[in-house]
Amino acid sequence: MNTHVHPATPPSTHDSTRIDDLRISAVRPLITPALLEEWLPVPEAAQRLVEHSRAAISRVLHGADDRLVVVVGPCSIHDHDQAMDYARQLKAQADALAGELLVVMRVYFEKPRTTVGWKGYINDPHMDGSFAINEGLEMARKLLLDVLDLGLPVGTEFLDLLSPQFISDLVSWGAIGARTTESQSHRQLASGLSCPVGFKNGTDGGVKVATDAIQAAQSAHAFMGMTKMGQSAIFETRGNHDCHVILRGGKQPNYFKADVDATCGQLRAAGLREQLMIDVSHANSSKQHQRQISVAADVASQVAAGDARIMGVMIESHLHEGRQDIVPGQSLKHGVSVTDACISFEQTVPVLQGLAAAVRARRAAA
């Protein structure tokens, strides 16, 4: 017998428009990661390259490989063909120096902005404020597959918390930037990522936020996220033990031996491996792109002197040096960064050769 009593008059639908979505101007559909992967699947050769390069970076982190990991490439990607031109040239150098350097192409699609500005290839691929994000995700994944097809592993910064589901299966090394290293959400994300992850020191130069981040990322976490099928879900992670610090400078540069010593002291105190990567750009070059060359030379001299704690270097490099603004209606110069200024590829080659020579000297001194 049904004892449920229906009310004589149904209650009116509650009006939440006074308090909900007051500052949302539009909601558009988002492609699912699973659909994008169906359109752009991972070939077997690319899968092997990602697996092998991740394992090689892990061996460097755990002291089983004495090569330097060199993450090098444009500050940001804004053009597919120019990125591939760069990748082909970098691949030749990566092969020539493979005995000393484990070269990973920097393929950055998301740009953190201090105030406002172009947010990157995924967010606004046409650089016109159209925010064609679905198209940007497809273009980003296609570029990663094309770079992998050359035999070159890729690294990127993880800024948005959902976008990794669309591309992280193709990434061999990931970075968490200076502005997000302190973010609990990004530490949780890193704990579940399948690739090694570098945490940058804070924008003020403080290293403790990065050592705290490594400890957090090594731990298991549970958090809300989106599955490959586009469903909201609770993710439980195992923790990531392939994390490291990236020194990128702060109020002053921090690439000198004294800075390496101080950072390793903090790592030791936290019970972490005494190893780090040095970003020769950003505050370490005082935002002067050509200074990357002299900073890299200083780092190379430390490596050549036998310092095994330096496990990697980051370099911002493009086809041509400098930077340019995005101006509506105005053509962009070929192969020049639209975010931070970069050194040219021609200037990059001797930097890579110098780092390789430093590794050979470190081996000879061991």
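Overview of the structure. (Residues numbered from 1 in each chain as written. Predicted model: local features only at pLDDT ≥ 70, side-chain atom pairs only at ≥ 80, totals over all residues. Heavy atoms only, no water.)

1. So, the state of the cysteines
Item 1. Applying the stated criterion to the full structure yields zero disulfides.
Item 2. The structure places no disulfide on Cys75, whose sulfur is separated from the nearest cysteine sulfur, that of Cys342, by 5.6 Å.
Item 3. Looking at Cys75, the relative accessible area reads 1%, which means it is buried. (Disulfide = S-S within 2.5 Å. Buried < 20%, exposed > 50% of the residue type's maximum accessible area, 1.4 Å probe, protein only.)

2. Observations concerning the nonpolar core
Item 1. By size, the foremost hydrophobic cluster in this structure holds 80 residues, and its most contacted members are Leu68, Leu90, Leu101, Phe109, Phe199, Ile315 and Leu355.
Item 2. The greatest single-element share of this core, amounting to eight residues, is contributed by helix H10 (residues 345-365).
Item 3. Setting aside residues up to four positions removed in sequence, Phe199 forms contacts with Ile176, Thr181, Arg187, Ala190, Ala210, Ala213, Ile214, Ala217, Cys243, His244, Val245 and Ile246.
Item 4. Residues Val60, Leu61, Ala175 and Met314 belong to the second largest nonpolar core, which totals 15 residues. (Core = buried A, V, L, I, M, F, W, Y, C linked by side-chain atoms within 4.5 Å. Helix = DSSP H or I, 4+ residues; strand = E, 2+ residues; numbered from the N terminus. Contact = heavy atoms within 4.5 Å.)

3. Topic: the environment of Asp128
Item 1. Looking at the secondary structure, you find Asp128 in the loop between strand S2 (101-106) and helix H4 (133-149).
Item 2. Residue classification places Asp128 among the exposed positions, given a relative accessible area of 52%.
Item 3. The spatial distance from the C-alpha of Asp128 to the C-alpha of Pro328 is 7.3 Å, given a sequence separation of 200 residues.

4. Comments concerning the pairing of strand S9 (residues 276-279)
Item 1. The side-chain alternation of S9 yields two buried faces, one formed by Leu276 and Ile278 and the other by Met277 and Asp279.
Item 2. Sheet analysis places strand S8 (residues 243-247) next to S9, joined by three bridges and oriented parallel. If you follow Leu247 over to S9, its bridge partner there is Ile278.
Item 3. Pairing analysis gives four bridges linking S9 to strand S10 (residues 310-318), with the strands arranged parallel. (Pairing = 2+ DSSP bridges.)

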